[in-house]
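Structural features, examined
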Amino acid sequence: MKIAVIGQSLFGQEVYCHLRKEGHEVVGVFTVPDKDGKADPLGLEAEKDGVPVFKFPRWRVKGQALPDVVAKYQALGAELNVLPFCSQFIPMEVISAPRHGSIIYHPSLLPRHRGASAINWTLIHGDKKGGFTIFWADDGLDTGDLLLQKECEILPDDTVSTLYNRFLFPEGIKGMVQAVRLIAEGKAPRLPQPEEGATYEGIQKKETAKINWEQPAETIHNWIRGNDKVPGAWTEACGQKLTFFNSTLNTAGLVPEGEDLPIPGAHRPGVVTKVGLILFGNDDRMLLVKNIQLEDGKMIPASHFFKGSDSNALELTEEELVMAEAVRSAWKRILPSVLEVEDSTDFFKSGAASVDVVRLVEEVKELCDDLELENEDVYMATTFGDFIQLLVRKLRGDDKRHECIIDYVEKAMNKLTLRMPHQLFIGGMFVDAEGAKTYETINPTDGSVICQVSLAQVSDVDKAVAAAKDAFENGLWGRISARDRGRLLYRLADLMEQHQEELATIEALDAGAVYTLALKTHVGMSIQTFRYFAGWCDKIQGSTIPINHARPNRNLTLTRKEPIGVCGIVIPWNYPLMMLSWKTAACLAAGNTVVIKPAQVTPLTALKFAELTLKAGIPKGVVNILPGSGSLVGQRLSDHPDVRKIGFTGSTEVGKHIMKSCALSNVKKVSLELGGKSPLIIFADCDLSKAVQMGMSSVFFNKGENCIAAGRLFVEDSIHDQFVQKVVEEVRKMKIGNPLDRDTNHGPQNHQAHLRKLVEYCQRGVEEGATLVCGGSQVPRPGFFFEPTVFTDVEDHMFIAKEESFGPIMIISRFADGDVDTVLSRANATEFGLASGIFTRDINKALYVSDKLEAGTVFVNTYNKTDVAAPFGGFKQSGFGKDLGEAALNEYLRVKTVTFEY
């Protein structure tokens with residue numbers, strides 16, 4: 001038969017070649033005009049064979065066939081038109097002209113998925129069966145009578161490319177040849193298309209390929225693979241448009257651990273793992289995406305999304321330079337419109353299409369024997385320089401990236417296997433200190449060494465600050481939305497909750513905290529704190545302010561609350577995790593990055609926390625943790641010019657020194673929670689049982705190692721003796737023992753030096769004439785245990801009446817019945833003002849005394865009742881600034897005023 005082939009592409013070329021092999025005469029080929037100086041493969045092949053080739057830009061104008069175009073076609077005398085793949089609209093004057101009419105290849109099982117994006121929609125709809133149809137052309141859109149159909153199974157992870165390459169391309173070529181054979185033999189059927197089940201979907205374009213996240217994982221997967229490679233399913237994240245490729249539902253055994261990728265509108269943030277990007281549907285099922293195309297067109301492995309570009313360009317050997325020039329020549333052949341291929345030449349911006357990707361890959365494979373190169377690699381390295389670097393890395397076998405490696409110390413205790421990091425945490429990596437310096441951290445329960453911990457040096461502080469500064473100024477942390485930042489903090493809180501038993505056990509091991517208390521308070525309140533501040537992230541806002549207008553113009557003034565930058569946080573040893581959380585949660589919620597110095601004697605929960613930030617997806621460099629001495633690490637943080645804020649909890653003496661350093665270095669913002677000597681006034685009209693219970697808690701809670709512990713109790717004279725008697729009875733019931741035992745009330749003091757200070761403190765109280773009612777000595781057993789202690793007859797001038805013990809020592813003084821103003825004066829006669837307390841049934845007295853007490857917190861008929869929503873901080877030499885509550889955010893924000901004139 002005399003055949004006119006109308007179409008384009010490699011598919012059209014192959015059909016053309018097979019028809020000639022079958023003995024048919026191809027009288028003419030009609031294809032698309034050259035693009036960027038490149039001819040279509042079908043036209044090129046026909047020109048080689050001397051077959052007339054026509055490249056009409058259009059066949060009709062305003063719905064009317066162009067007479068000269070139709071005349072050129074009719075002059076060929078074709079008996080059949082074969083349209084293997086044609087993007088042009090062919091007029092009916094041409095379609096109906098041959099004796100046998102025209103046949104068209106369509107890549108779906110008609111009448112399903114009529115239209116130009118049939119393969120896409122087959123996958124998008126999750127069809128289990130796919131295939132192609134060869135039909136007789138008519139004046140409708142893919143509505144002609146059926147000639148031949150072939151079907152195949154759609155595999156779960158098929159994409160447009162895999163389905164096309166596996167079945168639609170090879171079997172479609174055979175099908176077109178078979179159809180022509182049937183026509184030649186007079187056996188070709190004409191079966192009317194049924195209208196039942198017919199669908200028509202429009203052309204998939206980039207603007208319509210945005211992912212709708214309010215769908216199950218399987219539907220999202222189908223959308224991604226149905227738009228892979230063209231036009232590409234996309235979403236907005238991290239301030240740019242990201243296009244996803246190579247999706248799979250095969251996530252068996254995958255754990256969503258890695259760095260979170262917050263995606264607006266998504267049910268949960270994505271997680272960048274070492275195998276790719278895990279996404280979630282609204283049914284909480286996972287799917288995995290292996291490649292991401294960035295907005296600039298560069299394709300990268302999804303697992304490398306947060307790793308950035310490799311700044312360490314390889315130096316090529318002589319042999320590799322020769323290879324690079326050979327590859328450059330291949331680029332020149334494929335990109336004829338490019339005069340010179342330079343390192344910055346972009347393959348796709350220079351006019352390359354998907355067919356050119358295949359050609360480049362095959363040419364490079366011929367040049368480089370045994371090289372494993374895939375089409376995806378071209379999309380991942382679109383410039384010539386990047387492509388050569390990729391090839392060289394592959395040839396050298398060093399194209400793999402390293403994940404964070406954690407050297408754990410493992411200990412079996414409390415029916416758990418503790419896995420504790422012990423190195424510095426800088427820039428998302430656990431690393432040794434400069435000079436590999438370490439120190440021993442001690443178990444206060446028995447005095448044994450838990451492990452060696454890296455001891456940070458000044459150079460380590462500089463590295464950590466640099467990592468935090470880079471993360472703040474250039475990293476993902478500053479680009480994600482406030483709401484996405486909140487999602488990361490929620491995830492961190494969830495991980496802390498999942499690891500709460502391990503964290504509480506480490507607090508018991510490293511700080512001597514009673515396990516049950518650690519579980520509820522040390523860890524429990526830490527989790528609550530991160531959840532509370534996670535909720536604040538997208539509620540930090542400025543205001544608009546009416547100002548006088550510069551007439552005749554008008555003005556608008558608004559304020560913005562902005563993060564400060566790099567913050568240094570120095571935390572104490574009494575609540576290692578909780579104090580870290582109180583400050584860090586607010587700091588991160590405000591959008592800052594942070595360098596944390598845990599107390600040298602209690603570093604282990606902070607380092608475990610660092611590990612959880614990695615698992616939560618907090619970007620690298622946002623959180624850095626440096627165990628070490630205050631005189632070295634704390635001092636360098638206070639002096640460092642790139643640190644813009646210091647948050648400190650500790651002694652008043654050290655707080656004053658930090659404040660001075662912050663002023664002299666770069667006038668850092670600073671907040672201080674310092675020493676205390678909190679008064680608790682117990683009036684005779686109180687509920688005595690409750691007052692005894694709360695009085696005990698006010699002193700002995702957490703072994704007395706409590707910032708707001710009642711440093712001095714004032715008991716009204718008429719109930720003094722009864723109160724003391726009941727307290728002593730309760731003290732004798734307390735069980736001193738291993739903090740991991742569930743019935744222990746009182747564990748060891750935090751460290752040996754502190755134990756010695758408590759012994760000396762009690763000796764001085766006795767020497768000055770106070771009555772030691774009970775306790776006052778170290779418990780005769782291994783470890784750093786100290787007896788719960790009660791002093792009475794304490795006069796105002798005595799050392800123990802004025803100075804904080806920070807231990808389980810109750811200091812009781814009398815005051816005369818009814819003498820409210822005098823006891824208030826005595827309670828306020830201190831330079832400290834962190835907390836205070838009152839026990840009375842008289843509401844008027846409670847209001848009057850709470851109004852007069854000079855302390856940041858006043859407890860009435862309770863004590864130690866702190867909450868994440870209530871601001872916490874002191875007056876006078878107990879410091880300034882607040883932890884917790886909305887007020888804490890202001891410690892980590894700066895206010896910018898912006899004024900417009902219009």
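The shown structure was predicted, so the numbers you read here are calculated from the model rather than taken from an experiment.

1. So, the overall build of the protein chain
The helix and strand inventory of the protein chain stands at 26 helices and 40 strands. For 902 residues, the compact-globule estimate of 2.2 N^0.38 gives 29 Å, and the protein chain exceeds it by more than 25% at 38 Å. Looking at the 902 residues of the protein chain, the share that counts as buried comes to 56%. Counted over contacts in the protein chain with a minimum sequence separation of 6, partners at least 24 positions apart contribute 70%. Put simply, the protein chain shows about 38,000 Å² of open surface, and 50% of that area lies on carbon and sulfur atoms. The distance from the centre of the 99 positive side-chain charges to the centre of the 117 negative ones in the protein chain is 2 Å.

2. Here we look at the UniProt feature "active site" (unreviewed entry) in the protein chain
Per the UniProt annotation, the sites labelled "active site" (unreviewed entry) are His106, Glu673 and Cys707. These annotated residues cover 602 residues of sequence, and their C-alpha atoms sit far apart, with the largest distance between any two at 76.7 Å. Residues contacting Glu673, with those up to four places away along its chain left out, are Met579, Phe648, Thr649, Gly650, Cys707, Leu834, Phe872, Ser878 and Asp883. Among the structural elements, Cys707 can be located in the loop between helix H20 (688–700) and strand S31 (710–716). Exposure remark for Cys707: the relative accessible area of 10% places this residue in the buried category. The contacts of Cys707, once residues within four sequence positions are left out, are Asn574, Thr649, Glu673, Glu804, Phe806 and Leu834.

3. What about the domain arrangement of the protein chain?
In terms of domains, the protein chain is made up of domain 1 (2–185), domain 2 (206–304), domain 3 (318–396), domain 4 (420–540 + 563–673) and domain 5 (679–873). Taking only C-alpha atoms, the centre of domain 2 and the centre of domain 3 are 27 Å apart. Among the residues domain 2 hides against domain 3, the three largest losses belong to Lys229, Lys298 and Met299. Together they make up 59% of the total. At the boundary of domain 2 and domain 3, one finds zero salt bridges. Linking domain 2 with domain 3 are zero residue pairs in polar contact (both at pLDDT 80 or more), by the criterion used here. For the side of domain 2 that touches domain 3, the element with the most residues is strand S16 (residues 299–301), which contributes three residues. Of the residues that constitute the side of domain 2 that touches domain 3, the class distribution is three nonpolar, three polar and three charged.

4. As for helix H19 (residues 652–666)
Taking 1.5 Å of rise per residue, the 15 residues of H19 would be expected to cover 21 Å, and the 21 Å separating its terminal C-alpha atoms lies within 8% of that figure. If you check which residues of H19 are buried, you get Thr652, Gly655, Ile658, Ser661, Cys662 and Asn666. Tucked inside the fold, the buried residues of H19 contact helix H18 (630–639), strand S28 (643–649), strand S29 (669–673) and strand S35 (832–833). Of the residues one or two after H19, Val667 is the one with positive phi, at around 50 degrees.

5. Comments concerning unusual backbone geometry
In the segment running from Leu110 into Pro111, the intervening peptide bond is cis, with an omega of 15 degrees. Turning to its location among the elements, Pro111 is positioned in the loop between strand S7 (102–106) and helix H5 (118–124). In this chain, Arg551 is followed by Pro552 through a cis amide linkage whose omega measures 10 degrees. Phi at Lys62 takes a positive value of approximately 50 degrees, unusual for a residue other than glycine. Here Asn861, not a glycine, exhibits a phi torsion of approximately 60 degrees, which is positive. When you line up the elements, Asn861 lands in the loop between strand S37 (857–860) and strand S38 (875–876).

6. Let's talk about the packing of H20 against helix H21 (residues 717–733)
Relative orientation of the contacting elements H20 and H21 amounts to 60 degrees, with a least axis distance of 10 Å. Between H20 and H21, the angle falls in the class oblique. Like other packed secondary-structure pairs, H20 and H21 cross with a definite hand, here right-handed. On H21, the residues that touch Leu688, Ala691, Val692, Met696 and Phe700 of H20 are Ile719, Gln722, Phe723, Lys726, Val727, Glu730 and Val731. A breakdown of the residues in the contact of H20 with H21 according to their chemical character gives nine nonpolar, one polar and two charged.

7. Considerations on the nonpolar core
Grouped together as the largest cluster of nonpolar side chains are 130 residues, with contacts concentrated most on Phe244, Ile682, Leu713 and Phe723. With 10 residues, helix H16 (residues 576–589) is the largest single contributor of residues to this core. Apart from residues no more than four positions distant in its own chain, Phe244 is found in contact with Ile211, Trp213, Ile224, Ala233, Thr235, Leu277, Leu279, Val289, Asn291 and Ile292. Among the nonpolar cores identified, the runner-up in size contains 36 residues, and Trp136, Leu163, Met176 and Ile183 belong to it.

8. Topic: the pattern of salt bridges
Opposite charge on two side chains permits them to pair, given that their charged atoms come into close proximity. Summed over the entire model, instances satisfying the criterion amount to 44 salt bridges. Close ionic contact of Asp284 with Arg268 constitutes a salt bridge, the shortest N to O distance being 3.4 Å. With Asp284 in the loop between strand S14 (276–280) and strand S15 (286–293) and Arg268 in the loop between strand S12 (259–261) and strand S13 (270–273), the pair connects residues that are 16 residues apart, well separated along the chain. Of the residues examined, Arg268 reaches a relative accessible area of 28% and is grouped as partly exposed. Put simply, Lys463 and Glu434 hold a salt bridge, and the shortest N to O gap is 3.3 Å. Of this pair, Lys463 sits in helix H12 (residues 458–473) while Glu434 is found in the loop between strand S20 (429–431) and strand S21 (438–442), placing the two residues 29 residues apart along the sequence. Under the relative-accessibility criterion, Lys463 is labelled partly exposed at 44%. When salt bridges that share partners are traced, they join Glu502, Lys608, Glu611 and Lys615 into one network.

Definitions and limits used
- Residues numbered from 1 in each chain as written.
- Predicted model: local features only at pLDDT ≥ 70, side-chain atom pairs only at ≥ 80, totals over all residues.
- Heavy atoms only, no water.
- Helix = DSSP H or I, 4+ residues; strand = E, 2+ residues; numbered from the N terminus.
- Rg over C-alpha atoms; globule rule 2.2 N^0.38 Å.
- Buried < 20%, exposed > 50% of the residue type's maximum accessible area, 1.4 Å probe, protein only.
- Contact = heavy atoms within 4.5 Å.
- Areas by Shrake-Rupley, 256 points an atom, 1.4 Å probe, with all protein chains shown as cover.
- Lys, Arg positive; Asp, Glu negative; His and termini not counted.
- Charge placed at Lys NZ, Arg CZ, Asp CG, Glu CD.
- UniProt positions renumbered as here; feature names shortened; annotations may be inferred.
- Domains from an automatic or database assignment.
- Buried area = accessible area lost by both parts, 1.4 Å probe.
- Salt bridge = Lys/Arg side-chain N within 4 Å of Asp/Glu carboxyl O.
- Polar contact = N/O pair within 3.5 Å; in protein donor to acceptor, adjacent residues only side chain to side chain.
- Nonpolar A, V, L, I, M, F, W, Y, C, P; charged D, E, K, R; others polar.
- Expected span 1.5 Å × (residues − 1).
- Axes fitted to C-alpha atoms, helices over the stretch in contact; angles between N-to-C directions.
- Parallel < 35°, antiparallel > 145°, perpendicular 65-115°, else oblique.
- Left-handed = near helix turned anticlockwise from the far one by under 90°.
- Core = buried A, V, L, I, M, F, W, Y, C linked by side-chain atoms within 4.5 Å.

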